[in-house]
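Results of the structural survey
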Amino acid sequence: MNIHEYQAKELLAKFGVPVPAGYAAMSVEEAVEAMGKLPGPLYVVKAQIHAGGRGKGKFKELPPEAKGGVRLAKTEQEVREAAHEMLGNTLVTVQTGDAGKQVQRLYVTDGVDIEKEFYLALLVDRATGRVAFVASTEGGMDIEEVAHSTPEKIHTIDVDPATGFMPHHGRAVAAALELDGDLAKQAQKVASTLYAAFLGTDAAQIEINPLAITGDKQLMVLDAKVGFDSNAMFRHKDLAELRDLTEEDPAEIEASKYDLAYIKLDGDIGCMVNGAGLAMATMDIIKLNGMFPANFLDVGGGANTEKVTAAFKIILSDPAVKGILVNIFGGIMKCDVIAEGIIAAAKEVNLSVPLVVRLEGTNVQQGKDILANSGLPIVPANDLGDAAQKIVAEVQKAA
Ligand code: ADP
Ligand code: MG
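Please read all numbers here as calculations on a predicted model, not as lab measurements.

Calculation rules
- Residues take numbers from 1 onward in each chain, read along the sequence in its written order.
- Labels are handed out in written order, letters beginning with A for the chains and numbers beginning with 1 for the ligands.
- Side-chain atom pairs in this predicted model are given and counted only at pLDDT of 80 or more, local residue features only at pLDDT of at least 70, and totals for whole chains, interfaces and linings cover all residues.
- Excluded from the side-chain calculations are hydrogens and water; all other atoms, namely the structure's heavy atoms, are used.
- Exposure classes here rest on a 1.4 Å probe applied to the protein chains alone. A residue is buried below 20% of its type maximum, exposed above 50%, and partly exposed in between.
- Counting from the N terminus, the helices are the DSSP runs of H or I reaching at least four residues and the strands are the DSSP runs of E reaching at least two.
- Note: the arc covers the axis-to-C-beta directions of the helix.
- By the convention used here, residues are in contact when the closest approach between their heavy atoms is within 4.5 Å.
- Domain ranges listed in this record stem from an automatic or a database domain assignment.
- In short, buried area is how much 1.4 Å probe accessible area vanishes from two parts on joining, totalled over both.
- A pairing counts as a salt bridge when a side-chain nitrogen of Lys or Arg comes within 4 Å of a carboxyl oxygen of Asp or Glu.
- Think of a polar contact as two N or O atoms within 3.5 Å of one another; within protein, one of them needs to be a possible hydrogen donor and the other a possible acceptor, and neighboring residues in sequence only count if both atoms come from side chains.
- Polar here means any residue outside two lists: the nonpolar Ala, Val, Leu, Ile, Met, Phe, Trp, Tyr, Cys and Pro, and the charged Asp, Glu, Lys and Arg; Gly therefore counts as polar.
- UniProt positions are given in the numbering used here, feature names are shortened, and annotations may be inferred rather than shown by experiment.
- The pairing criterion is simple: DSSP has to find at least two bridges between the two strands.
- Nearness is defined per residue: one heavy atom within 4 Å of the molecule or strand is enough.
- A 1.4 Å probe and the Shrake-Rupley method give the accessible areas. Residues count as covered only by the protein chains that appear here.
- Count a disulfide wherever a pair of cysteine sulfur atoms falls within 2.5 Å.
- Each metal site lists N, O and S donors within 2.8 Å (3.2 Å for Na, K and Ca). With water left out of the atoms, a site can look as if it is missing ligands.

**Topic: helix H2 (residues 28-36)**
Within the span of H2, buried status applies to Ala31, Val32, Ala34 and Met35. For H2, the buried positions fall inside an angular range of 160° around the axis, keeping them on one side. Exposed residues on H2 whose side chains face more than 90 degrees from its buried face are Glu33 and Gly36. The inward-facing, buried residues of H2 abut strand E1 (22-25), strand E2 (43-48), helix H3 (76-86) and strand E7 (105-110).

**So, the domain arrangement of the protein**
Each assigned domain of the protein is listed with its residue range as follows: domain 1 (21-110), domain 2 (114-239) and domain 3 (250-398). Here the C-alpha centre of domain 2 lies 25 Å away from the C-alpha centre of domain 1. Of the residues lining the interface, six residues belong to domain 1; the matching set on domain 2 comes to six residues. Summed over both sides, the interface of domain 1 with domain 2 buries roughly 440 Å², with 35% coming from carbon and sulfur. Taken together, the connections running from domain 1 to domain 2 amount to two salt bridges. Residues Asp142 and Lys56 are paired through a salt bridge, measuring 2.6 Å at the closest nitrogen-oxygen approach. Summed over the shared surface of domain 1 and domain 2, the number is four residue pairs in polar contact (both at pLDDT 80 or more). Among the residues making up the side of domain 1 that touches domain 2, the classes are represented as no nonpolar, three polar and three charged.

**A closer look at the UniProt feature "domain: ATP-grasp" (unreviewed entry) in the protein**
When the UniProt feature table is mapped to this numbering, "domain: ATP-grasp" (unreviewed entry) covers residues 9-254. Segment residues 9-254 splits into 29% helix and 29% strand. End C-alpha atoms: 29 Å apart.

**Thoughts on the sheet that holds strand E3 (residues 58-59)**
Read across the open sheet, the three strands follow the order E3-E5-E6; overall the sheet is antiparallel. Of all the strands in the sheet, just E3 and strand E6 (101-102) have a single pairing partner and so form its edges. Looking at chain direction, strand E5 (residues 90-92) and E6 are connected through two bridges and run antiparallel. Looking at E6, one finds that Thr90 is bridged to Gln102.

**Quick look at the site of ligand 1**
Close contacts around ligand 1 come from 18 residues, with Lys46, Arg54, Gly55, Val112 and Glu117 the closest. Contact between ligand 1 and Arg54: an oxygen atom at 2.8 Å from a side-chain N or O atom of the residue. One of the backbone N or O atoms of Asn209 is found 3.1 Å from an oxygen atom in ligand 1. Burial of ligand 1 by the surrounding chains reaches 90%, relative to a free accessible area of 540 Å². When contributions to the shell around ligand 1 are tallied by element, the ones reaching two or more residues are E2, E7, strand E8 (114-125) and strand E11 (203-214). Class assignment of the residues belonging to the shell around ligand 1 gives a composition of seven nonpolar, six polar and five charged. Summarising the domain contributions, the shell around ligand 1 has at least three residues from each of domain 1 (21-110) and domain 2 (114-239).

**Description of the state of the cysteines**
On inspection of all chains with the given rule, the structure shows zero disulfides. Here Cys335 is not cross-linked by a disulfide; its sulfur's nearest cysteine counterpart is in Cys271, at 18 Å.

**Comments concerning the UniProt feature "binding site: Mg(2+)" (unreviewed entry) in the protein**
The sites that UniProt annotates as "binding site: Mg(2+)" (unreviewed entry) are Asn209 and Asp223. Residue placement: Asn209 occurs in strand E11. Contact partners of Asn209, with chain neighbours within four places excluded, come to Phe118, Tyr119, Gly139, Gly140, Ile143 and Asp223. Among the polar contacts made by the side chain of Asn209, one reaches the main-chain amide nitrogen of Gly140 at a distance of 2.7 Å. With sequence-adjacent residues up to four places away left out, Asp223 is seen in contact with Glu5, Lys9, Lys46, Arg54, Glu207, Ile208, Asn209 and Pro210.

**What about the coordination of the magnesium ion (ligand 2)?**
Within the protein, the magnesium ion (ligand 2) binds to Asn209 (O) and Asp223 (OD); these donor distances fall in the range 2.2 Å. Here the residue Asn209 occupies a position in strand E11, and Asp223 occupies one in the loop between strand E12 (219-221) and strand E13 (224-228), the gap between them amounting to 14 residues. Both residues of the pair, Asn209 and Asp223, belong to the buried class.

This is the structure we're talking about:
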């Protein structure tokens, strides 16, 4: 689960991480109000979306020469203009994809005099199985390019969970950022408070880019991207409230209500499968037959009519879907029960695209008979390869 920059900064500030003052705003008037609470003379108006690259982003509705999603402002007029141009408009960045994201919230924050920009992140390093700092002197808006062309400028410092954060980790972070004297001390403090925040919130990622040295030689977090481990959210009710559903795919939200593991993909064939492994295999074999899956969907072991119907509706809510492949192994759930569920669901959603069903397992013959006698145009398949060939052929025939 991800949160917005302003939420991340409020959270980090509670752990003692240095962030500039700022306030969230949902309207132009609130942005002006927020500005009034800040000392000035420089303000920054920032689009709040769950994606980075905002500074270099472009608004779909504005001319290409218009500024991006991070704007400096000196006067109330400039704050007003920036807020007005951003709110309600669609910001496209390297991380949003072509569709972009609609800006519904802003953050108005102190404009800082920047001397240098660093990169500092915390994540779970899967290779070592440890929480690790990733640090670079080359922070700012081109970090992806740095990682790509000069990877030696990016340093990783992992923390042994048995010792936790130790002073030497702080010194290593400061050294990686090539800091000494008072700035090195500040970097050690930033590293230790970030580590405490990471553990304390069950974070999956904390990315600070940039961590800046200001004109008066203070380290400040100017941008923060924080994501949490979804499996730990049950013990962070306060953090769960920070979830912004408008940032998430509506079909995925709907699926989570029914406990369906659904992930939207770019292809044409909707898939309804039970078991993650079988779902992966089904997606692979669709590709092998020359088309692409429109989704990953695991209906789980105890798929009943209600779940199957919800799954059908979710798959069909995607206008890209040109055909559906159901591939279900009846283990605990018997094939005849699944067949009844498929028929009920297909009738309820008024199925408009070809449907191929492959059933295997307990009571498979009864299941097949029920489908065959349903009067619905369901194409039966015998095995996985047969099912994939049939759905591809059906979709091509329909096109
Ligand atoms: P993004 O990473 O989405 O582009 P950032 O918050 O990192 O957004 O902002 C982009 C750039 O804008 C930063 O690298 C920094 O140079 C500048 N910036 C961001 N916040 C401030 C601020 N409070 N004061 C001055 N400059 C800022
Ligand atoms: Mg940034």
